[in-house]
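Reading the structure
Residues per chain are reported as follows:
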Amino acid sequence: MKTRSPPSTSREGVEVDDFDPLEIDGRWQQMDVKSSGESNSRLSRRSALLLAAALAMVTASLFVGHGSLGSDVDDERVAPIRGTAYLSRDEFKDVRTARAGESVLLTGGLGFIGSHVADLLLHRGFEVTIMDDESNGHNHNEFCQEMVPNNITVVDDFPSFPNTGDDTTQFTHVVHLAAAISVAESMANPVKYENINYGGSEKVINWISEYNKHAGSAGATKVRKLVAASSAAIYGDQPKLLPLQESAPYGGISPYADTKYRMEGLMKSFVEGQNNDGVAEPVSAVALRFFNVFGPRQDPHNPYSGGSIRRRTANCCSFPPTYSHFATQTSGVISLFLEAALTGKDITILGDGAMTRDFVFVKVRQCPVHPACSASSLTIRKDVARAIVLALLQDVKGDASFDVYNVCTGKSITINTLAGQVKQSMDSNSKITHLDPREGDIRESSCNPKGASDGILFKSAVSQEVGLEKTAAWFREDQGRRSRT
Ligand SMILES: NC(=O)c1ccc[n+]([C@@H]2O[C@H](COP(=O)([O-])OP(=O)(O)OC[C@H]3O[C@@H](n4cnc5c(N)ncnc54)[C@H](O)[C@@H]3O)[C@@H](O)[C@H]2O)c1
């Protein structure tokens, strides 16, 4: 296993994005990033900035009365902790803190969703090892280190098994998000999707199986749970079955959908195999079928997430980027539209815009650092990241289980409505234009969220409108950061 530095974090000032005063005491002091010296010095500088920010927060909080609580602001917030910090109510309610020795291997942890999952896990005290080769481009998640000033290891290969290498990390949970994510690309290059999505998932499962055998003989901790990212793409176009339930048959129309569905099959066989073989402490597995995930750090410059065309340089992206902002069903449609609205370019919809999608928010933790940051600005809102962690921490007794859940809000909107909301949120003069529909795009998508609500107690807590507001604010700040570099 090669351990390498976390991605470059050369942009100063990004700390404001996800600053969390809770990090100031306790684990904050023990920060030890397993990375290059350069990263450590960068983090030291960041430590100083965050500490200064925390002092600003404390100062600000002295002038903030508690009367603002529960008025016009977030229903999620509860009383201040240690005088300055707020946690959302549902943090207490459903995402528990880590127990001794709990450690997560997170594939795809530098990606859009993965970086939020890393953030949440670290916040709850888990040790996290990220395995990511950055193959989907240079996402906004280079800021990962700013949001999580804790112990974090980034590796580009599977960790070694207990007692077989230098690495002494022991794992209890695995989250598998790494994947090639473009439906359109999968049509043109199915072999890539077969190798990365199906073959990669097979490798993850084989690694867990081998890891647990070694852990058994070495007396090390075993992996107990695997959560992997599947997709609503596996349902395809089945208008008669809307809103879609997990029991709907496979209807995928792309190699991407096919590889995700067969990944679920691998997980199921793995679980059943362990039960049949009477494996002690078997691993349970959950596949989460994400609908259209959106939120901060989704990169419209990433052709895989945004479905746009742009000129790419080796490891970074120009700003403003040279591409058209259009998309219909791709996950990144909100990030594309926001960027178009922000830069005054046309918001281009493929088709008539009447197609519907269920947009589910990823997670945001916001706390502006400057003194104007009042208690009312401190919020933690999270949906998809919370669903993943809830599935991960769900206790299973006896035989191993395999479950599949939709991750969605249960409310769909049209792309036309979305485009209008985006314009408004950005106060933009961009024109909304239409091009021909893209072949293969489904017309209607809507989802029944009841399975996840019953099975892992996940209910979307962030409305699409509020999520869009948070994402728009993040895009504006992000543009500010980019223009300063
Ligand atoms: N974003 C959505 O709306 C959405 C919807 C449905 C399903 N999903 C699934 O959720 C997961 C995360 O998606 P995302 O939107 O965060 O995408 P993303 O591209 O931002 O993140 C994926 C990460 O995986 C990494 N990766 C890709 N191939 C790898 C490999 N072979 N080895 C190591 N790392 C590799 C990439 O570098 C990237 O950081 C994916 O499995 C995707 O298929 C996402």
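Looking up the protein chain in an unreviewed UniProt entry gives the name NAD-dependent epimerase/dehydratase domain-containing protein, with the organism given as Thalassiosira oceanica.

Okay, the environment of Ser247 next. Tracing the backbone shows Ser247 in the loop between β6 (225-231) and α7 (255-277). Separated by 158 residues in sequence, Ser247 and Tyr405 have C-alpha atoms that sit 9.7 Å apart.

Glancing now at unusual backbone geometry. Put simply, Leu242 and Pro243 share a cis peptide bond, and its omega is -5°. When you line up the elements, Pro243 lands in the loop between β6 and α7. Its identity as a non-glycine residue notwithstanding, Glu281 has a phi of 50°, on the positive side. Summarising the element assignment, Glu281 is placed in the loop between α7 and β7 (284-290). The phi dihedral of Asp427 falls on the positive side, at around 50°, and the residue is not glycine. As for its placement among the helices and strands, Asp427 is situated in the loop between α11 (415-425) and β17 (432-435).

Once that is clear, we can look at the nonpolar core. For soluble globular proteins, the rule of thumb is that nonpolar side chains tend to be buried together. Core analysis: the largest hydrophobic core is formed by 104 residues, its most contacted members being Leu288, Phe337, Val384 and Ile388. It is helix α10 (residues 384-393) that provides the largest number of residues to this core, a total of 9 residues. In contact with Ile388, other than residues within four places in its own chain, are Val117, Val175, Val227 and Leu288.

Reading the values: rules and limits
- Residues numbered from 1 in each chain as written.
- Predicted model: local features only at pLDDT ≥ 70, side-chain atom pairs only at ≥ 80, totals over all residues.
- Helix = DSSP H or I, 4+ residues; strand = E, 2+ residues; numbered from the N terminus.
- Core = buried A, V, L, I, M, F, W, Y, C linked by C-beta atoms within 7 Å.
- Buried ≥ 20, exposed ≤ 12 C-beta atoms within 10 Å, placed from the backbone.
- Contact = placed C-beta atoms within 7 Å.

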